[in-house]
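# Examining the three-dimensional arrangement
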Amino acid sequence: MAGGNEQDKSVYDTLSAPTAATASVMSVMAIAAHEGRKVMTANVTGAFLNVDLKATGVKVLMRLDRELARVLVSLFPDMAEFVDDRGCVTVRLDKALYGIVEAALLWYKDLRCTIEAAGFVVNEADPCVFNRINADGKQCTIVVHVDDLGVTAYTEGELDSVYAVLVAKYGEVTVTRGDRHEYLGMVWDFSASGQVRVSMDAYVNRMLEGCGVEGTAKTPARDDLFERSGELSDSEVCKKKQEWFHSYAAKCLYLVKRLRLECLPTVGYLATRVTCPVLSDVSKLERLLRYVRGTRGQGLVLRIGTGRVRVTAPIDAAFAVHSDRKSHTGGAVVIGDGVSQIL
């Protein structure tokens, strides 16, 4: 893996690479369940290494340390003449190695060209969602998250055609078919007709086992969520506590953005405190972890329902509800019957 942090980013016009929005992934999977589509998830092995760097016109050099240089010379003895006085070797990259700053964008462009050449059209709402209509008027959809693809179609034959395109271009591709998929850190269960259950049990278990917080709580936060008190000192113990806070606030953020939506207000606040948490912030994160422990196994059911797909947006506002007399507002956009939490 290369150290892209040492590259000169000023030589590139843009380096931003899109990934599928979580809402797009959820929508594609909910539609697949509603319409009874077949589902395939795929991972392209060594994806970035399929991209040729020469076309960019930018020379990317990488210094191999002593250990890597030793391995290189053992495999290719002629490389010994390029070992410098520090025992290192400097090489020029021909492929988009993981870690270089342009790798993700170049891979997206290459994969997009491959998908579009197969007759797919990029979705206007998300550049990582692609649709193709077959001769029978049926839609096949691909959602792309870097090198992980979710494919939905009405027939196994359509899935076969997508798989064939990927293998022909990129070689080794790992795929999963059927009613159960592990995709983007979530488990998708299509076994019940018309709906898909989403869970992250393995992730939650790992997080709780390592957090050092015991017990359970009935709610994600108390009424004093937005109040702060108690400073952390500069001692080594407190430094470790701050690192713990930063780490587990980020882990909770990953979870709630995908699955535990009821925890979003709590995590939204805690995410603003990661650089300078105080004692009350630590206590609030501990309570959130206890709530997650007490509701372990809870997931989502995505269900469009019957009739036409409806979009609703419930919004609420409360005036002067906090101790500092500030107001609070929030809302959600719901497609179909909505998101049901289950135990």
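Everything below is about the structure shown above.
A brief structural summary. (Residues numbered from 1 in each chain as written. Predicted model: local features only at pLDDT ≥ 70, side-chain atom pairs only at ≥ 80, totals over all residues. Heavy atoms only, no water.)

## With respect to a nonpolar patch on the surface
A cluster of nonpolar side chains, namely Val309, Val311, Val333 and Ile335, defines an oily patch on the protein surface of about 390 Å² accessible area. The residue Ile335 is located in strand β16 (residues 334-335) in this model. (Patch = residues over 30% accessible without salt bridge, like charges linked within 9 Å, V, L, I, M, F, W, Y side chains within 5 Å. Areas by Shrake-Rupley, 256 points an atom, 1.4 Å probe, with all protein chains shown as cover. Salt bridge = Lys/Arg side-chain N within 4 Å of Asp/Glu carboxyl O. Helix = DSSP H or I, 4+ residues; strand = E, 2+ residues; numbered from the N terminus.)

## Section: the sheet that holds strand β4 (residues 121-123)
The antiparallel open sheet is built from six strands, whose spatial order is β4-β5-β6-β7-β1-β8. The open sheet terminates on both sides in strands that have one partner only, identified here as β4 and β8 (173-177). Strand-to-strand twist of the sheet, defined as the mean angle between neighbouring strand axes without regard to direction, takes the value 25°. Where helix α3 (residues 103-117) meets the sheet, it contacts β1 (38-44), β4, β5 (126-133), β6 (139-145) and β7 (148-153), and its direction lies at approximately 15° from that of β5. (Pairing = 2+ DSSP bridges. Axes fitted to C-alpha atoms, helices over the stretch in contact; angles between N-to-C directions. Contact = heavy atoms within 4.5 Å.)

## With respect to unusual backbone geometry
With a phi angle near 60°, Val146 is a residue other than glycine that sits in the positive phi range. Mapping Val146 onto the fold places it in the loop between β6 and β7. Here the phi dihedral of Leu184 falls at roughly 60°; this positive angle occurs in a residue that is not glycine. Take Leu184: it is sitting in the loop between β9 (180-183) and β10 (186-189).

## Thoughts on helix α5 (residues 201-211)
Note: α-helices contain 3.6 residues per turn, so residues at a spacing of three or four share the same orientation. Taken together, the buried positions of α5 are Tyr203, Val204, Met207, Leu208 and Cys211. Mapping the buried residues of α5 onto a view down its axis gives an arc of 125°, with all of them on the same face. In α5, the exposed positions that point more than 90 degrees away from the buried face belong to Arg206 and Glu209. Two residues or fewer after α5 comes Gly212, characterised by a positive phi angle close to 75°. (Buried < 20%, exposed > 50% of the residue type's maximum accessible area, 1.4 Å probe, protein only. Arc of directions from axis to C-beta.)

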